[in-house]
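Spelled out, the chains give:
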Amino acid sequence: MPQTETASTDPASLTGVWADVVGQESAVAQFRRAASPEGSLAQAWLVTGPPGSGRSTAARAFAATLQCATGEGCGTCTACRTVLAGTHPDVTVVATDKLSISKDEVRSLVLTAQRSPATGRHRVVIIEDADRMSAGTFNVLLKSIEEPPPLTVWMLCAPSAEDLAPTIRSRCRVVTLTVPRPDVVAELLVRRDGVDADTAERSARAAQGHIGLALRYATQEGALASRETAARTLLSLRSTGAAVLAAQSLVDQATAEAAAHADEVSAAERERFLHSAGIDDGPVPPALRGQLRQLEEDAKRRRTRLVRDVLDRYLLDAHSVLRDVLTLQLGSGSELVNPGVLDALEQAAQEGNARVTLRLLDAVGTARARIAGNVPPLLALEALLSQVAVSSR
């Protein structure tokens, strides 16, 4: 069975490599205890938590602590700095924005895990988004997780333990992260990124504890304003025709955003591939065209995944808007996530009722599940927004 632990530590003591692992004092205490001479260091870890909770940040901080010259994750020694910079020779990190992590990628990691550390105390392999591995890929990984070399530490990151095969999660020590409080995220934005306190607070509330989104809202010009515009559009839907047009607009925006990012990544990968093959200019030899086609296929899968991710972000925002409407209808006094559109929220609360709003919140969850289950995003969004429009009449 997975091993779990509970502990606490003073947030003020989170310094060095742990300074950015905010709102996760219990998890940090577990990692620190395991890395200490008195602790029991498991060789396979599963770090779980909702998107934005800082799974990858925590995994990297733990890896740095295992390599740290002081053994505490000081953040200033060469080992700590190189781990956090992604350049330590004994720490391998796999992150993907494609639909899945392939068997070949995992086979390569297994070979890496078999090697002794070159300079550090341990060889650490971190797999971000481990939930994107298929059942067959889990089988490739299983043997290495069961019987790793004595100095190898595996760290898998996923939203929940249930996202991994039982055979994998049963062999890991599980550490569960929680959604950090908005005030803690705001403090991080002020301290680490130099964001002014008011913007940090608004961004943290809008992001609902998602650290990456909070940073985007705080630093990307127009991001918060665009979010509020989308919220007003959602609340103003009054006809099926408007809902269909809004759904198409959202899919178009998501596709454009995903294409821009995917094309940038694809161009960089192609350039690196051609440079490593010694082809800075001129035609690609026939022997290398297959590999180049594979890069193009990866780019298509990356774009598909990014479209889904962008739309899921919109659906999470829509959920927060409807949750605010319900809060006003029930008079619960809970803090609103979207105070910037208070007038529209109050109008929607007055015109509707809590029972209908609850149904719409369920509909948002259904739309997310449909998109995750490969239903065409446009159809899923049209169904949701049409339901919102009809309920507003």
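Residues numbered from 1 in each chain as written. Predicted model: local features only at pLDDT ≥ 70, side-chain atom pairs only at ≥ 80, totals over all residues. Heavy atoms only, no water.

The protein chain carries the name DNA polymerase III delta prime subunit in an unreviewed UniProt entry, which gives Brachybacterium nesterenkovii as its organism.

Visitor: Just give me the short version of the packing of helix 8 (residues 197-207) against helix 9 (residues 211-219), but keep the residues and values in it.
Guide: In contact at an axis separation of 8 Å, helix 8 and helix 9 are set at 135° when each is read in the N-to-C sense. Taken together, the axes of helix 8 and helix 9 are oblique relative to one another. When you trace helix 8 past helix 9, the crossing you get is right-handed. Where helix 8 approaches helix 9, its residues Thr 199, Ser 203, Ala 204, Ala 206 and Ala 207 are matched on the opposing element by Leu 213, Ala 214, Tyr 217 and Ala 218. The class makeup of the residues in the contact of helix 8 with helix 9 is seven nonpolar, two polar and no charged. (Axes fitted to C-alpha atoms, helices over the stretch in contact; angles between N-to-C directions. Helix = DSSP H or I, 4+ residues; strand = E, 2+ residues; numbered from the N terminus. Parallel < 35°, antiparallel > 145°, perpendicular 65-115°, else oblique. Left-handed = near helix turned anticlockwise from the far one by under 90°. Contact = heavy atoms within 4.5 Å. Nonpolar A, V, L, I, M, F, W, Y, C, P; charged D, E, K, R; others polar.)

Visitor: Quick rundown of the packing of aromatic side chains? Include the residues and the values.
Guide: If you walk through the whole model with that rule in mind, you get four aromatic pairs. Geometrically, the ring pair formed by Trp 18 and Phe 31 is stacked, given 5.9 Å between the ring centres and 15° between the ring planes. One end of the pair, Trp 18, is in the segment before helix 1 (25-35); the other, Phe 31, is in helix 1, with 13 residues separating them in the sequence. The two residues Trp 18 and Phe 31 agree in class, both being buried. Their ring planes at 65° and their centres at 5.0 Å tell us that Trp 45 and Phe 62 sit as a pair that is edge-to-face. Residue Trp 45 is found in strand 1 (residues 44-48), and its partner Phe 62 is found in helix 2 (residues 55-67); the two are separated by 17 residues along the sequence. For the residue pair Trp 45 and Phe 62, the accessibility class agrees, reading buried in each case. Through successive ring pairs, a cluster of aromatic residues spans Trp 18, Phe 31, Trp 45 and Phe 62. (Phe/Tyr/Trp six-rings, centres within 6.5 Å; stacked < 30°, edge-to-face > 60°. Buried < 20%, exposed > 50% of the residue type's maximum accessible area, 1.4 Å probe, protein only.)

Visitor: Kindly report on helix 3 (residues 78-85), identifying the contributing residues and their values.
Guide: By the burial criterion, the buried members of helix 3 are Ala 79, Cys 80 and Val 83. Mapping the buried residues of helix 3 onto a view down its axis gives an arc of 100°, with all of them on the same face. Exposed side of helix 3, more than 90 degrees from the buried face: Thr 78 and Ala 85 are the residues found there. As for helix 3, its buried residues are in contact with helix 2 and strand 2 (91-94). After helix 3 finishes, the residue Gly 86 shows a positive phi value of roughly 80°. (Arc of directions from axis to C-beta.)

Visitor: Could you give an account of the sheet that holds strand 4 (residues 152-158), naming the residues involved and the relevant values?
Guide: Sheet architecture is open: five strands sit in the order 2-3-4-1-5, paired in parallel fashion. The open sheet has two free edges, formed respectively by strand 2 and strand 5 (173-176), since each of these has just one partner strand. Pairs of neighbouring strands in the sheet enclose a mean axial angle of 15°, with direction left out of account. Inspection of the sheet shows strand 2 paired to strand 3 (residues 123-127) by four bridges, in the parallel sense. Following the sheet pairing, Val 91 is matched in strand 3 by Val 124. In the packing of helix 2 onto the sheet, the strands contacted are strand 1, strand 2, strand 3 and strand 4, and the crossing angle to strand 4 comes to about 165°. (Pairing = 2+ DSSP bridges.)

Visitor: Could you give me a rundown of the environment of Ser 203, with the residues and numbers involved?
Guide: One can find Ser 203 in helix 8. On the basis of relative accessibility, which here comes to 0%, the residue Ser 203 falls in the buried class. Sequence separation between Ser 203 and Leu 189 is 14 residues; the distance between their C-alpha atoms is 9.2 Å. At 2.8 Å, the side chain of Ser 203 and the backbone oxygen of Thr 199 are in polar contact. (Polar contact = N/O pair within 3.5 Å; in protein donor to acceptor, adjacent residues only side chain to side chain.)

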